[in-house]
Amino acid sequence: MRKYIIAGNWKMFKTRGEAVNFFLSVIDKLPSIDKVDSVICPQSPILRDLVKRQGENLRVGAQNVHFADAGAYTGEISASLLEELGVAYVIIGHSERRAMFNETDEAVNLKIKQALAFNLSPIVCVGESLSVREAGETKKFVSSQVAKALDGIEKEDVMGLVFAYEPIWAIGTGKTATPEIAEETCKDIRDTIKDLYDIETAEAVRIQYGGSVNPKNIDELLSEPDIDGALIGGASLNPDSFVEMVNAALNH
Ligand code: PGA
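Residues numbered from 1 in each chain as written. Predicted model: local features only at pLDDT ≥ 70, side-chain atom pairs only at ≥ 80, totals over all residues. Heavy atoms only, no water.

Student: I tried to follow the overall build of the protein on my own but got confused; where do I start?
Tutor: A tally of helices and strands in the protein yields 12 helices and eight strands. The principal-axis extents of the C-alpha atoms in the protein amount to approximately 45 × 45 × 35 Å. For the protein, buried positions account for 54% of its 252 residues. Sequence-distant contacts in the protein: of pairs separated by 6 or more residues, those separated by 24 or more amount to 73%. In the protein, the 26 positive side-chain charges and the 38 negative ones have mean positions that sit 4 Å from each other. (Helix = DSSP H or I, 4+ residues; strand = E, 2+ residues; numbered from the N terminus. Buried < 20%, exposed > 50% of the residue type's maximum accessible area, 1.4 Å probe, protein only. Contact = heavy atoms within 4.5 Å. Lys, Arg positive; Asp, Glu negative; His and termini not counted. Charge placed at Lys NZ, Arg CZ, Asp CG, Glu CD.)

Encoded structure:
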């Protein structure tokens, strides 16, 4: 049985005060991470403020990490610093970073390796654009993203990874993928991992769906056999809605 993982990707939203208030208001309402993994990924300058408040029921993740140990990379964040801060997860390869910050499949692969070397759990994002879907190329495109992300990564490390399937056309648009569409590609991701490694590895990897998930639609998405959680943008900003979505996972 894979444990559900519900992660909020706050993108470039919330001040420090708003973020701390969010934590204070949800922290007693979430189940233990023995039951569901709950994660919030804030902007990096306030990671420390939130890590101080993370506990047995909520973990903190970063939204990005660089693949080098250190160096002249203005504006970037090192994995060693994230580890030192006590950050648990890191989102890698979000489509916004791929599209707007030139993050390639090769960079995603290096970032995963770097995160693993510093005990950060990667949440690896993959997903197709509308034109790729309309051309009937989704499976090929997403499988290739997965294979390139995993290049040279050992089975033991892959088993601990989280993938997030996020169709670009569903992100921030209110157009959630239907559970059937989401399941189809999440299963393709698992099958790709099975082909690259073996069934044991594929069965261990957790795969989230992301793209306009909210308290109303999360239940039916989590009912699908290959969907093990959600990566949530907009709807994770509201504390009540975040708690509701984590509890939807708990009640599955
Ligand atoms: P959304 O964003 O839930 O606002 O669609 C999801 C994401 O980008 O991770």
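Student: Would you mind going over the site of the ligand with me for this structure?
Tutor: The ligand sits among 13 residues. The nearest are Lys 11, His 94, Glu 166, Gly 172 and Ser 212. The separation between an oxygen atom of the ligand and a polar side-chain atom of His 94 is 2.7 Å. Ser 212 is positioned such that a nitrogen or oxygen atom in its backbone is 2.7 Å from an oxygen atom of the ligand. For the ligand, whose accessible area on its own is 290 Å², the fraction buried by protein is 95%. Partitioning the shell around the ligand into residue classes produces four nonpolar, seven polar and two charged. (Near = heavy atom within 4 Å. Polar contact = N/O pair within 3.5 Å; in protein donor to acceptor, adjacent residues only side chain to side chain. Areas by Shrake-Rupley, 256 points an atom, 1.4 Å probe, with all protein chains shown as cover. Nonpolar A, V, L, I, M, F, W, Y, C, P; charged D, E, K, R; others polar.)

Student: Help me understand the pattern of salt bridges in this model?
Tutor: Close approach of charged atoms lets side chains of opposite charge pair. One pass over the structure, following the stated rule, counts 18 salt bridges. A salt bridge links Arg 133 to Glu 128; the nearest nitrogen and oxygen atoms lie 2.7 Å apart. Given the relative accessible area of 0%, Glu 128 is considered buried. Here Lys 187 and Asp 191 are joined by a salt bridge, their closest N and O atoms 3.0 Å apart. With Lys 187 and Asp 191 both in helix α9 (residues 179-196) and four residues apart, this pair spans about one turn of that helix. Classification of Lys 187 by relative accessible area gives partly exposed; the value is 38%. A network of salt bridges, in which partner residues are shared, links Arg 2, Arg 190, Glu 203, Asp 226 and Asp 228. (Salt bridge = Lys/Arg side-chain N within 4 Å of Asp/Glu carboxyl O.)

Student: What should I look at first to understand the pairing of strand β4 (residues 89-92) in this one?
Tutor: For a regular strand, the rule is simple: side chains alternate between the two faces of the sheet. Of the two faces of β4, the one holding Tyr 89 and Ile 91 and the one holding Val 90 and Ile 92 are both buried throughout. Bridging between strand β3 (residues 59-62) and β4 involves two bridges; their strand directions are parallel. Residue pairing across strands places Ala 62 opposite Val 90, the latter belonging to β4. Note that β4 and strand β5 (residues 121-126) share four bridges and pair parallel. Looking across to β5, one finds that Val 90 is bridged to Pro 122. (Pairing = 2+ DSSP bridges.)

Student: Quick question: what am I supposed to make of the packing of aromatic side chains here?
Tutor: Centre distance and the angle of the planes are the two values used to describe a pair of aromatic rings. Taken as a whole, this structure holds four aromatic pairs when the rule is applied. Centre to centre, the rings of Phe 22 and Phe 242 are 5.8 Å apart; their planes meet at 55 degrees, and the pair counts as tilted. One end of the pair, Phe 22, is in helix α1 (residues 16-26); the other, Phe 242, is in helix α12 (residues 239-250), with 220 residues separating them in the sequence. The two residues Phe 22 and Phe 242 agree in class, both being buried. Every member of this aromatic cluster is reached through a ring pair, and the members are Trp 10, Phe 22, Phe 23 and Phe 242. Residue placement shows Arg 97 over the ring face of Phe 101; its charged tip is 4.5 Å from the ring centre. (Phe/Tyr/Trp six-rings, centres within 6.5 Å; stacked < 30°, edge-to-face > 60°. Lys NZ or Arg CZ within 6 Å of the ring centre and 35° of its normal.)

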